[in-house]
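Descriptive analysis of the structure
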Amino acid sequence: MQVRLSPGVEDPRTPTPPTGVAAAAKRGVDVAVSATALLVTAPILAVVAVAVLLGMGRPVLFRQRRIGRYGREFTILKFRSMAGGGEGFSPGDDQARLTPLGRWLRATSLDELPSLWNILRGDMSLVGPRPFPTSYRDLYTPEQFRRHDVRPGLTGLAQVNGRNELGWAERFAYDLRYVEHWSLRLDARILARTAVAVLRRQGISAPGAATAHEFRGTAAEEAVAATAGSGSR
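Residues numbered from 1 in each chain as written. Predicted model: local features only at pLDDT ≥ 70, side-chain atom pairs only at ≥ 80, totals over all residues. Heavy atoms only, no water.

Together, Val 29, Val 33 and Leu 184 make up a nonpolar patch on the protein surface, roughly 210 Å² of accessible area in all. Positionally, Leu 184 belongs in helix 7 (residues 184-200). On the basis of relative accessible area, Leu 184 is assigned to the partly exposed category, the value being 40%. (Patch = residues over 30% accessible without salt bridge, like charges linked within 9 Å, V, L, I, M, F, W, Y side chains within 5 Å. Areas by Shrake-Rupley, 256 points an atom, 1.4 Å probe, with all protein chains shown as cover. Salt bridge = Lys/Arg side-chain N within 4 Å of Asp/Glu carboxyl O. Helix = DSSP H or I, 4+ residues; strand = E, 2+ residues; numbered from the N terminus. Buried < 20%, exposed > 50% of the residue type's maximum accessible area, 1.4 Å probe, protein only.)

This is the structure we're talking about:
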């Protein structure tokens, strides 16, 4: 499959971490944990699926194309949390579309359970930078695109340090720090902190938004920040 990169991004076939034994160990953990979790949570998956079907109708699952490792695209699976879901909506519509059931699913992170299938398939990892929509591809700088040197994760360093409460510059900084300092020990620490964050329901929404603010590119983000800064003086 041909991989379409953002402008200025080098050929992704050059090996990047994790590789070798480390990569095999990480993938082994992903397969073992995701397979076990799918079996253990099967009753929960069934109950949530019925609740979504009765509360919001079909489709039960939300499917969206996301950017994966080396820029390859895949379809992420999540439980539907909004009315009238689809690719044509922006985060600005989320407030009106998010249902009470959807708010609860997002608050408890139960909407993420179907993504365990993406991990088992190899699209994602338990830990890594969160996968973003394909519409963000051409908005990355070459440096930001390095977040795709590893598989995207169900949780990650940014998720345990603020999640959607973070600005985009902070998110990318955490993503790149993960890429540069990845280890199984770091993954274990992130997973432990994720459990705490989920129980505390931290960072579910960005300030002033129902979900997360849309990424419009670094230049646009800097312009907004500059305007906000000048307005506060």
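With that out of the way, let us pick up the packing of helix 1 (residues 20-40) against helix 2 (residues 42-56). In the contact formed by helix 1 and helix 2, the axes pass within 4 Å of each other and the chain directions differ by 60°. If you check the angle between helix 1 and helix 2, you find them oblique. Contact residues: helix 1 offers Leu 38, Leu 39 and Val 40, while helix 2 offers Ala 42, Pro 43 and Leu 45. The residue inventory of the contact of helix 1 with helix 2, partitioned by class, reads six nonpolar, no polar and no charged. (Axes fitted to C-alpha atoms, helices over the stretch in contact; angles between N-to-C directions. Parallel < 35°, antiparallel > 145°, perpendicular 65-115°, else oblique. Contact = heavy atoms within 4.5 Å. Nonpolar A, V, L, I, M, F, W, Y, C, P; charged D, E, K, R; others polar.)

What follows covers the confidence of the model for the chain. In this model, the chain carries an average pLDDT of 83, and 76% of its residues clear a pLDDT of 70 or more. Confidence, read as mean pLDDT per element, is least for helix 8 (residues 218-231) in the chain (53) and greatest for helix 5 (residues 115-121) (98). pLDDT under 50 marks residues 1-15. Its contacts with residues more than four places away, or in other chains, come to 25 contacts. Note that residues 224-230 has pLDDT below 50 and, in this model, zero contacts with residues that lie over four places away or in other chains. (pLDDT = per-residue confidence, 0-100.)

Tallying each qualifying case throughout the model produces one cavity of 30 Å³ or more. In this structure, the largest cavity occupies an estimated 30 Å³ of space. Lining the largest cavity are Pro 129, Arg 130, Phe 132, Arg 147, Ala 158, Gln 159, Arg 171 and Asp 175. Per-class residue counts for the lining of the largest cavity are three nonpolar, one polar and four charged. (1 Å grid on protein atoms, 1.4 Å probe; cavity = no way out; pocket = protein on both sides within 12 Å on 5 of 7 lines; lining within 4 Å. Points joined across faces, edges and corners; volume = space filled by probe spheres on them.)

Here we come to helix 6 (residues 168-181). In an α-helix, one turn spans 3.6 residues, which is why side chains three or four residues apart end up on the same side. Over its 14 residues, helix 6 runs 20 Å from end to end, which matches the ideal 20 Å to within 8%, given 1.5 Å per residue. The set of residues buried in helix 6 consists of Trp 168, Arg 171, Phe 172, Tyr 174, Asp 175, Leu 176, Tyr 178 and Val 179. (Expected span 1.5 Å × (residues − 1).)

Turning to the pattern of salt bridges, a few remarks are in order. Evaluation of the coordinates by the stated rule reveals 11 salt bridges. A salt bridge links Glu 112 to Lys 78, with the nearest nitrogen and oxygen atoms 3.6 Å apart. Residue Glu 112 is located in the loop between helix 4 (100-108) and helix 5, and its partner Lys 78 is located in strand 2 (residues 73-79); the two are separated by 34 residues in the primary sequence. Across this residue pair, the class does not change: Glu 112 and Lys 78 are buried. For Glu 143, the salt bridge goes to Arg 146, with nearest N and O atoms at 2.8 Å.

Moving on: the environment of Arg 146. By the secondary structure assignment, Arg 146 is in the loop between strand 3 (125-127) and strand 4 (153-155). Classification of Arg 146 by relative accessible area gives partly exposed; the value is 25%. Separated by 30 residues in sequence, Arg 146 and Leu 176 have C-alpha atoms that sit 6.8 Å apart. In this structure, Arg 146 is in contact with Leu 176, Val 179 and Glu 180, ignoring residues within four places of it in sequence.

That bond from Arg 58 to Pro 59 is cis: its omega, -5°, falls within 30 degrees of zero. Mapped onto the fold, Pro 59 is located in the loop between helix 2 and strand 1 (61-67). Although it is not a glycine, Ser 109 sits at a positive phi angle of roughly 65°. Residue position: Ser 109 is located in the loop between helix 4 and helix 5. Note on Ser 109: relative accessible area 16%, which makes it buried.

So, on to helix 2. For helix 2, built from 15 residues, the straight-helix expectation of 21 Å at 1.5 Å per residue is met to within 8% by its first-to-last C-alpha distance of 21 Å. Two residues or fewer past helix 2, Gly 57 is found with a positive phi of approximately 80°.

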